Amino acid sequence: MSILKFITKLLNIKGYRVVSFSFLDWYRELWLEVKPHKNGARCPICDRRGKIVHKLEQPRIWRDIPVCGKKVFLVYRPREIKCKKHGRIQENIPWAARHARVTYRFEYSLLIYCSTMTQKAAAGLLKISTSTLSDMLHRTITRVRQGHKIRGLTHIGIDEISYCKGRKFATIVYDLKRSKVLWVGQGKGRETIDRFFVNELSKYQRKQIIAACCDMSRTYIGAIEHW
Ligand SMILES: [Zn+2]
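Keep in mind that this is a model prediction, so the values were computed, not measured.

About the thresholds
- Residues numbered from 1 in each chain as written.
- Predicted model: local features only at pLDDT ≥ 70, side-chain atom pairs only at ≥ 80, totals over all residues.
- Domains from an automatic or database assignment.
- Contact = placed C-beta atoms within 7 Å.
- Helix = DSSP H or I, 4+ residues; strand = E, 2+ residues; numbered from the N terminus.
- Nonpolar A, V, L, I, M, F, W, Y, C, P; charged D, E, K, R; others polar.
- Pairing = 2+ DSSP bridges.
- Core = buried A, V, L, I, M, F, W, Y, C linked by C-beta atoms within 7 Å.
- Buried ≥ 20, exposed ≤ 12 C-beta atoms within 10 Å, placed from the backbone.
- Axes fitted to C-alpha atoms, helices over the stretch in contact; angles between N-to-C directions.
- Parallel < 35°, antiparallel > 145°, perpendicular 65-115°, else oblique.
- Left-handed = near helix turned anticlockwise from the far one by under 90°.

**A word on the domain arrangement of the protein chain**
Argument step 1. For the protein chain, the assigned domains read domain 1 (1-95), domain 2 (97-148) and domain 3 (155-226).
Argument step 2. Each of domain 1 and domain 2 has a C-alpha centre, and these two points are 20 Å apart.
Argument step 3. Listed by partner, the interface residues are nine residues for domain 1 and ten residues for domain 2.
Argument step 4. Looking at the side of domain 1 that touches domain 2, the element that brings in the most residues is strand S5 (residues 60-67), giving five residues.
Argument step 5. Its residues placed into classes, the side of domain 1 that touches domain 2 shows six nonpolar, no polar and three charged.

**Here we look at the sheet that holds strand S7 (residues 79-83)**
Argument step 1. Read from one edge to the other, the open sheet built from four strands follows the order S3-S4-S7-S8, with strand pairing classed as antiparallel. Strand pairing shows two members of the sheet lacking a second neighbour, strand S3 (41-42) and strand S8 (87-90), which therefore form its edges.

**A few points about the nonpolar core**
Argument step 1. Of all hydrophobic cores here, the largest spans 22 residues; its most connected members are Leu32, Val34, Leu74, Leu110, Ala122, Leu126 and Leu133.
Argument step 2. For this core, the elements supplying multiple residues, two or more each, are strand S1 (16-24), strand S2 (29-36), strand S6 (70-76), helix H2 (104-116), helix H3 (119-126) and helix H4 (130-146).
Argument step 3. Three or more residues apiece are contributed to this core by two domains, here domain 1 (1-95) and domain 2 (97-148).
Argument step 4. Beyond its immediate chain neighbours, meaning those up to four positions away, Leu126 contacts Pro66, Ser109, Leu110, Tyr113 and Leu133.
Argument step 5. Within the second largest apolar cluster, eight residues are counted, among which are Val173, Phe196, Tyr220 and Ala223.

**As for the packing of helix H5 (residues 190-200) against helix H7 (residues 218-226)**
Argument step 1. In the contact formed by H5 and H7, the axes pass within 9 Å of each other and the chain directions differ by 30 degrees. When the axis of H5 is compared with that of H7, the two are roughly parallel. Regarding H5 and H7, the two cross each other, and that crossing is right-handed. Note on element contacts: H7 touches H5 through Thr219, Tyr220, Gly222 and Ala223, opposite Arg190, Ile193, Asp194 and Phe197.

**Let's talk about the environment of Phe73**
Argument step 1. Summarising the element assignment, Phe73 is placed in strand S6.
Argument step 2. Taking the number of C-beta atoms within 10 Å as the measure of exposure, Phe73 has 17 and is therefore partly exposed.

**A look at unusual backbone geometry**
Argument step 1. Of note in the backbone geometry, Asn12 takes a positive phi value of approximately 60 degrees without being a glycine.
Argument step 2. Positionally, Asn12 belongs in the loop between helix H1 (3-11) and S1.
Argument step 3. Of note, the phi angle at Lys127 is positive, near 60 degrees, even though the residue is not glycine.
Argument step 4. Its location among the elements puts Lys127 in the loop between H3 and H4.

Structural data, given as structure tokens:
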């Protein structure tokens, strides 16, 4: 197996191969130039195939997860395509979200690390600064949340947590059947939980709820009975 084929296999991005690699910054960074196997390109919004009309002069660079302690960067010159519905648009990049400068894998590691350790420790593992990590984390969560819809909710759990050494509160709503957090709202009390029922659920969805679990506070029981 040639070294390029080996790196392509290691990189594991379907439909793309590594055409060159170089170490920079005293072997601390690994830069990989990738190209597609085939010439077709798809629209990032509707996934239709489109005709390639232009290739960017400047390559774009994406940060990937570190390998063997080295920072990894992907280099690729995306092409512009003509989509029947969306006009001239930059082709879909399968390893990263639109406009993102890191790969999906990188974002995924970021979310997993940050859910189990401090941001400082996560930044150390991913070899980025803490401020960059914090920005990235917020952007990723906002983007992921945009596609988040509540479906098939029948059993809900409501509880509150305190943060900032007990000075601030957040109300959390769970989907108990799927063991998932559905919503987190700043504050506690009736006003906060009402915000969930009004903004996040339709009238139909509210009717579908058959069981609810919360502590004995009048606030939550009152809200659940009301809604
Ligand atoms: Zn399109």
